[in-house]
Amino acid sequence: MQAEVGRKEEEEEEEKMEVEPKTGVSFPAKLPDGKQLCATGLRRRKLLAFGINFYAFGMYVHIDARLKELLKAKLGEAAEKPCKELYEAVIDGDVGIAVRLVIVFKGLTMSMVRKSFDEGLVGSLKKLTGGQKNEELIKKVMAAAKDGTKLPPGSVIEITRLPGQVLQAMVKDELVSKVESELLCRAYFHLYLGDDPFDKEAKERFGRTLVSSLSAP
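Computed from a prediction, not measured in an experiment: that's the story for all the values here.

About the thresholds
- Sequence order as written defines the numbering, with residues in each chain counted from 1.
- Two thresholds apply to this predicted model, a pLDDT of at least 70 for residue-level local features and 80 or more for giving and counting side-chain atom pairs, whereas whole-chain, interface and lining totals are computed over all residues.
- Heavy atoms from the whole structure form the basis of all side-chain values; hydrogens and water molecules are not counted.
- Between any two strands, pairing holds if DSSP finds at least two bridges.
- Counting from the N terminus, the helices are the DSSP runs of H or I reaching at least four residues and the strands are the DSSP runs of E reaching at least two.
- We call a residue buried when its accessible area falls under 20% of the maximum for its residue type, exposed when it is over 50%, and partly exposed in between, using a 1.4 Å probe and counting protein chains only.
- Here, a salt bridge means any Lys or Arg side-chain nitrogen found within 4 Å of an Asp or Glu carboxyl oxygen.
- Polar contact is the term for a pair of N or O atoms within 3.5 Å; when the atoms are in protein, one must be able to donate a hydrogen and the other to accept it, and sequence-neighboring residues count only if both atoms are side-chain atoms.
- By definition, residues are in contact when any of their heavy atoms lie within 4.5 Å.

Caption draft 1: Examining the pairing of strand S2 (residues 25-28) more closely. Sheet analysis places strand S1 (residues 17-20) next to S2, joined by four bridges and oriented antiparallel. For Val 19, the partnering residue across the bridge sits in S2 and is Ser 26. Linking two consecutive strands that pair antiparallel, namely S1 and S2, is a turn of four residues; a positive phi of about 80° is found at Gly 24 within it.

Below, the structure is given as structure tokens:
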């Protein structure tokens with residue numbers, strides 16, 4: 001009986017949703033693998049001098065004992081607010097983290113999304129390496145995705161760091177790349193948690209959620 005109650009509570013938690021307010025896009029509070037939603041945000045881009053809503057995103061993390069130990073080692077036992085060391089610990093560490101992107105702009109194709117990813121990663125890698133572009137490494141991301149694939153609003157792309165510093169990309173539930181590279185993992189999550197993130201408010205909410213988790217049982 002107790003086991004049944006436990007399963008029911010887990011199912012209810014997985015069914016909970018959180019809405020990104022600027023777009024109305026809903027994100028599950030928890031992914032099937034147990035990662036918890038820590039923040040939602042919005043990626044805006046310039047197109048012909050106009051700012052457009054490109055995609056909404058949710059940032060998910062495995063909030064477990066291992067992560068808490070890592071953060072407490074960086075921040076101490078009595079951390080009250082997020083700091084640079086917290087974000088660096090998540091970016092640099094072998095932490096289970098995923099970003100779920102939900103397309104909101106009409107008319108996107110895979111080639112347009114790939115170009116956006118490439119531009120972002122080039123900038124991020126240059127910051128982390130002192131100017132190196134690492135173009136060959138970037139080409140491996142989403143390598144199996146077809147350029148002509150249409151991505152209508154609601155299409156989901158999920159980028160996950162797997163154990164061993166492996167960056168995995170899924171497009172509409174299809175595996176399109178799996179690259180083992182600590183540098184690539186750092187560069188990708190630096191786009192969301194680094195000094196110049198896509199959405200500053202989302203980064204701050206992410207940090208506050210992790211700080212709050214340190215005091216949770």
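Caption draft 2: View of unusual backbone geometry. Look at Gln 165: it is not a glycine, yet its phi comes out positive at around 60°. In this structure, Gln 165 sits in the loop between strand S8 (156-162) and strand S9 (166-171). Given the relative accessible area of 10%, Gln 165 is considered buried. If you check the backbone angles, Lys 172 has positive phi at about 50° while not being a glycine. Within the element layout of this structure, Lys 172 appears in the loop between S9 and strand S10 (174-180).

Caption draft 3: Summary view of the pattern of salt bridges. Going through the model one piece at a time under the given rule, you end up with eight salt bridges. The partner of Glu 119 in a salt bridge is Arg 45, and the shortest N-O contact between them spans 2.8 Å. Placement of the pair is Glu 119 in helix H4 (residues 110-129) and Arg 45 in strand S3 (residues 36-47), with a sequence separation of 74 residues. Between Asp 147 and Arg 114 there is a salt bridge, with its nearest N and O atoms 2.9 Å apart. Separated by 33 residues along the polypeptide, Asp 147 in the loop between helix H5 (135-139) and strand S7 (150-151) and Arg 114 in helix H4 bring together distant segments of the chain. Residue classification places Asp 147 among the partly exposed residues on the basis of a relative accessible area of 43%. Look at the salt bridges and you will find they share partners, linking Lys 22, Glu 201 and Arg 205 into a network.

Caption draft 4: Molecular detail of the side chain of Ser 177. Inspection of the secondary structure puts Ser 177 in strand S10. Residue Ser 177 is classed as buried on the basis of its relative accessible area, which comes to 7%. A distance of 2.8 Å separates a polar atom in the side chain of Ser 177 from the backbone nitrogen of Met 142. Not counting residues up to four positions away in its chain, the partners in contact with Ser 177 are Lys 140, Val 141, Met 142, Ala 143, Leu 167, Gln 168 and Ala 169.

Caption draft 5: Inspection of the pairing of S9 at higher detail. S9 sits mainly inside the fold: five of its six residues count as buried. Here S8 pairs with S9 via six bridges, running antiparallel. Paired with Ile 159 across the strands is Ala 169, a residue of S9. Hairpin connection from S8 to S9: three residues lie between these consecutive antiparallel strands, with Gly 164 at a positive phi of about 90°. Judged from the six bridges that link them, S9 and S10 form a sheet pairing that is antiparallel. Looking at the pairing, Gln 168 lines up with Lys 178 of S10. Counting the residues that bridge the hairpin from S9 to S10 gives two residues, and of these Lys 172 lies at a positive phi of roughly 50°.

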